[in-house]
Amino acid sequence: MANIIVMMGPQGAGKGTQAQMLADKLGLPIIATGDILRDVARGDSELGNLVREILASGQLVPDEILARVVSECTCEPRCGGGYILDGFPRTPPQARQLEQIAQSQGHRILVVKISVPTELLYKRLAGRRTCTHCNAIYNIYFKPPAQPGVCDLDGHALFTRSDDNEESIAKRLELYEEKTRPLLDYYDESGRLHVVDGTGSPEEVHARILEVTRRASVGEADVKRGGE
Ligand code: AMP
């Protein structure tokens, strides 16, 4: 049985980096609903126009559209050996849709939540500086440029994203917790939630996530053997 690995974690937890490392290691595709919807929004169809408007407003795209998009993408042959979901599910109805998708594909759902202490998330987000020219990313706490405010690579000025100030970070993190809590509880109750320590280097976190996926697969083999 193949895995649908659902990556969860707040902004700054390293979800994107970890999804990519895991995809490279396991040879699985990443289905990132934000990217897919941005693609849909570029199309000149009725659906494209609708999604474009919703994305611009910052609201969530309706669950029915997500169900359609995710079922279509994940029944492609490249997803036959399992896949990694980034950005889905985001609501309880979407979690129920995913149950149906998983069941029809014969896949098992495994949820990985990357957990990082709030103070560290603040430092990762508030400390982030981006080059105005080449988009290289620095962090004043963890990866400072040689000269403050100046890109090492091309000498252009660095800037702070407008939503990376303390007040807005606090709001985004609170909103994330509030929105995902019911989903985490739901997966926890069915024993499919795996909380991984997100502190340390990307390689260390990656090793922990791999261990979780390995243990889940071993667990399944044990169950099969027990049933034989
Ligand atoms: P992201 O790149 O994951 O931050 O998503 C960007 C935007 O795409 C979000 O602000 C939503 O409007 C939309 N989106 C992505 N995933 C979902 C989802 N699972 N449910 C509803 N809307 C979504």
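Predicted, not measured: the structure shown is a model, and the values here were computed from it.

Cut-offs applied
Residues numbered from 1 in each chain as written. Predicted model: local features only at pLDDT ≥ 70, side-chain atom pairs only at ≥ 80, totals over all residues. Heavy atoms only, no water. Salt bridge = Lys/Arg side-chain N within 4 Å of Asp/Glu carboxyl O. Near = heavy atom within 4 Å. Polar contact = N/O pair within 3.5 Å; in protein donor to acceptor, adjacent residues only side chain to side chain. Helix = DSSP H or I, 4+ residues; strand = E, 2+ residues; numbered from the N terminus. Nonpolar A, V, L, I, M, F, W, Y, C, P; charged D, E, K, R; others polar. Axes fitted to C-alpha atoms, helices over the stretch in contact; angles between N-to-C directions. Parallel < 35°, antiparallel > 145°, perpendicular 65-115°, else oblique. Left-handed = near helix turned anticlockwise from the far one by under 90°. Contact = heavy atoms within 4.5 Å. Pairing = 2+ DSSP bridges.

Participant: Teacher, can you tell me more about the pattern of salt bridges here?
Facilitator: As a working rule, side chains carrying opposite charge can pair if their charged atoms are close by. Applying the stated criterion to the full structure yields 11 salt bridges. Residues joined by salt bridges that share partners form a network here, namely Lys 113, Glu 177, Arg 181 and Asp 185.

Participant: Please clarify how the site of the ligand should be interpreted in this entry.
Facilitator: Taken together, 13 residues form the shell around the ligand, and within it Thr 33, Gln 59, Gly 87, Arg 90 and Gln 94 come nearest. At 2.8 Å, a side-chain N or O of Thr 33 approaches a nitrogen atom of the ligand. Counting residues per element, the shell around the ligand draws most heavily on helix H2 (residues 33-42), which supplies 4 residues. Class assignment of the residues belonging to the shell around the ligand gives a composition of 6 nonpolar, 5 polar and 2 charged.

Participant: Mind showing me how you'd approach unusual backbone geometry here?
Facilitator: For residues other than glycine, phi is negative in most cases, and the peptide bonds are mostly trans. For the bond running from Phe 88 to Pro 89, omega is 0 degrees, close enough to zero to count as cis. Position of Pro 89 among the secondary structure elements: in the loop between strand E3 (83-86) and helix H5 (92-105). Backbone geometry at Asn 135 places phi at a positive 65 degrees, although glycine is not the residue there. Tracing the backbone shows Asn 135 in the loop between strand E5 (128-131) and strand E6 (137-139).

Participant: I keep staring at the packing of helix H4 (residues 63-74) against H5 and nothing clicks. Help me out?
Facilitator: Packed helix pairs are specified by the crossing angle of their axes together with the interaxial distance, meaning the distance between the axes. Interhelical geometry of H4 versus H5 gives an angle of 25 degrees and a closest axis separation of 10 Å. One element, H4, and the other, H5, form an angle in the roughly parallel class. As H4 packs across H5, the resulting crossing turns out to be right-handed. Each of Asp 63, Glu 64, Leu 66, Ala 67, Val 70, Ser 71 and Thr 74 in H4 lies in contact with H5, whose residues at this interface are Pro 93, Gln 94, Gln 97, Ile 101 and Gln 105. Class assignment of the residues belonging to the contact of H4 with H5 gives a composition of 5 nonpolar, 5 polar and 2 charged.

Participant: Just checking my understanding: could you explain the sheet that holds E3 for this structure?
Facilitator: In a beta sheet, neighbouring strands pair by backbone hydrogen bonds and run either parallel or antiparallel. If you trace the 5 strands from one edge of the open sheet to the other, you get E2-E3-E1-E4-E8, paired in parallel fashion. Of all the strands in the sheet, just strand E2 (30-32) and strand E8 (193-197) have a single pairing partner and so form its edges. Strand-to-strand twist in this sheet, taken as the mean axis angle between neighbours without regard to direction, amounts to 25 degrees. Contacts from H5 reach strand E1 (3-8), E3 and strand E4 (108-115) within the one sheet, and its direction differs from that of E1 by about 155 degrees.

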